[in-house]
Amino acid sequence: METIKITKAAELKPHPAPETLVFGKTFTDHMFLMDYHTGQGWHDPRIVPYGPLALDPSSMVFHYAQEVFEGMKAYRTPEGKVQLFRPYENARRINASCERLCIPAIPEEDFVAAVKALVQVDESWVPDQLGTSLYIRPFVFAADASLGVHASHSYIFCIICCPVGAYYPEGINPVKIYVENEDVRAVRGGTGYTKCGGNYAASIRAGERAEEQGYSQVLWLDGVERKYIEEVGAMNVLFKVDGAVITPKLTGSVLPGITRKSCLELLKSWGVPVEERLITAQELFDAAQAGKLEEAWGSGTAAVVSPIGELAWGEQKVTINGGQIGPLTQKLYDTLTGIQWGTQPDPFGWIVPVE
Ligand SMILES: *Cc1c(COP(=O)(O)O)cnc(C)c1O
């Protein structure tokens, strides 16, 4: 990558108090941009003041959703340093997403260098209160001004950041989830394993209906047989059944979460048996009826873990661990957040400092 050209904002915005932050509404002073044109490759990496982009109304992204994104965070340690958690995993995943959507790859080193450079410029936006962080949203989209359905010849890679408050300001409260029988999020052969905007568009209706009925999110089933559990909302899902942790295997319609992967690696290091396999909703509810569904939780960058306290499937309802967070879920939460915020050692080499 060429040298990143930095143009500082003439006026800096005030930083809202961390308690008042609403996820994804406040953005930092700068953003990263880089352009791609066929024949030229990625060029003109730059950091500029945060602001609107001017795009032709015929830009391909508006019509055919040729777009992918990532979600990651920068954390401030007790010593005041700023660090990233497994950013090369995000770099690899955005390229897996790009490949599926015929978007040109971004070299992994360039992706991480761009994230680091932007976080450095907006370093003062990384909050330091307990549980707060700077959420980082890299995304790439097709920019050709053309309505033809084919791969674009021009793309824009952009990174924006927003300071986020603690995900659990009132402590961790398990959520209520129901099994979604109508809508599906993704199918094998489709784009389920990528972070592309279209997957989210397809998931919104189910999420809205769940909220209307007093549930936080839905448990997605596979799109072919409508039998196998895939994810919970926009998180991966893990269950502790009879002493072992089981989680849906990555069949192509499940997003390969970095938090999921980190949970599995931690569990293995603790000697907890782990199984990645197909799990039917029937098996899960049978286990619950037999008193063997000990814990259930979602995993993702935003929440780290989100315990499930109640599961509904049609008329059947089960309560998990008395509606409380389970001990293993709590241990994963404490260990992951300890490593991320630098209050615990990082024996796996997951942390990348932002110099
Ligand atoms: C991003 C995402 C996840 C979680 O991935 P992390 O890397 O752990 O943040 C899970 N499921 C879906 C659908 C996602 O988009």
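Further up the page is the structure itself.
Rules used throughout
- Residues numbered from 1 in each chain as written.
- Predicted model: local features only at pLDDT ≥ 70, side-chain atom pairs only at ≥ 80, totals over all residues.
- Heavy atoms only, no water.
- Core = buried A, V, L, I, M, F, W, Y, C linked by side-chain atoms within 4.5 Å.
- Buried < 20%, exposed > 50% of the residue type's maximum accessible area, 1.4 Å probe, protein only.
- Contact = heavy atoms within 4.5 Å.
- Near = heavy atom within 4 Å.
- Polar contact = N/O pair within 3.5 Å; in protein donor to acceptor, adjacent residues only side chain to side chain.
- Areas by Shrake-Rupley, 256 points an atom, 1.4 Å probe, with all protein chains shown as cover.
- Nonpolar A, V, L, I, M, F, W, Y, C, P; charged D, E, K, R; others polar.
- Salt bridge = Lys/Arg side-chain N within 4 Å of Asp/Glu carboxyl O.
- Helix = DSSP H or I, 4+ residues; strand = E, 2+ residues; numbered from the N terminus.
- Axes fitted to C-alpha atoms, helices over the stretch in contact; angles between N-to-C directions.
- Parallel < 35°, antiparallel > 145°, perpendicular 65-115°, else oblique.
- Left-handed = near helix turned anticlockwise from the far one by under 90°.

Enquirer: Just to check I follow, could you spell out the nonpolar core for this structure?
Expert: If you look at soluble globular proteins, the nonpolar side chains tend to sit buried side by side. Counting residues in each nonpolar core, the largest one holds 50 residues, and the members touching the most others are L219, I229, F239, I308 and L311. With residues up to four places along the chain from it excluded, the contact list for F239 reads I229, A244, V245, I246, I279, L284, L293, E295, A296 and W297. Counting residues in hydrophobic clusters, the runner-up holds 38 residues, among them V68, I94, F111 and V352.

Enquirer: What should I look at first to understand the site of the ligand in this one?
Expert: Taken together, 14 residues sit near the ligand, with K195, Y200, E231, T259 and T301 positioned nearest. Between Y200 and the ligand, the recorded distance is 2.2 Å, taken from a side-chain N or O atom to an oxygen atom. A distance of 2.8 Å separates an oxygen atom of the ligand from a polar atom in the backbone of I258. Taking 380 Å² as the accessible area of the ligand by itself, protein coverage stands at 96%. Here the residues of the shell around the ligand are counted per class, giving 5 nonpolar, 5 polar and 4 charged.

Enquirer: Can you walk me through the pattern of salt bridges in this structure?
Expert: When the charged atoms of two side chains with opposite charge come close together, those side chains can pair. All told, the structure shown has 18 salt bridges when counted by the stated rule. In this structure, the salt-bridge partner of E70 is R93, at a minimum N-O distance of 2.8 Å. Highlighted residues: E70 in the loop between β4 (67-69) and β5 (72-76) and R93 in helix α2 (residues 87-100), separated in sequence by 23 residues. Each member of the pair, E70 as well as R93, is classed as buried. Residue E89 is joined to K261 by a salt bridge in which the shortest nitrogen-to-oxygen separation is 3.1 Å. Of this pair, E89 sits in helix α2 while K261 sits in helix α5 (residues 258-269); the two residues are 172 residues apart in sequence, bridging distant segments of the chain. Using a relative accessible area of 13% as the deciding quantity, one classes E89 as buried.

Enquirer: Looking at this structure, I do not really get the packing of α2 against helix α3 (residues 108-121). What am I missing?
Expert: The description of two helices packed together rests on the angle between their axes and the distance between the axes. Put simply, α2 and α3 touch, their axes get as near as 9 Å, and they point 125 degrees apart. The pairing of α2 with α3 is recorded here as oblique in orientation. Remark: the crossing between α2 and α3 carries right-handed chirality. Between α2 and α3, the contacting residues are P87, Y88, N90, A91, R92, I94 and N95 on the first element and E108, E109, F111 and V112 on the second. Class assignment of the residues belonging to the contact of α2 with α3 gives a composition of 6 nonpolar, 2 polar and 3 charged.

Function cannot be inferred from these measures alone, as they are strictly geometric.
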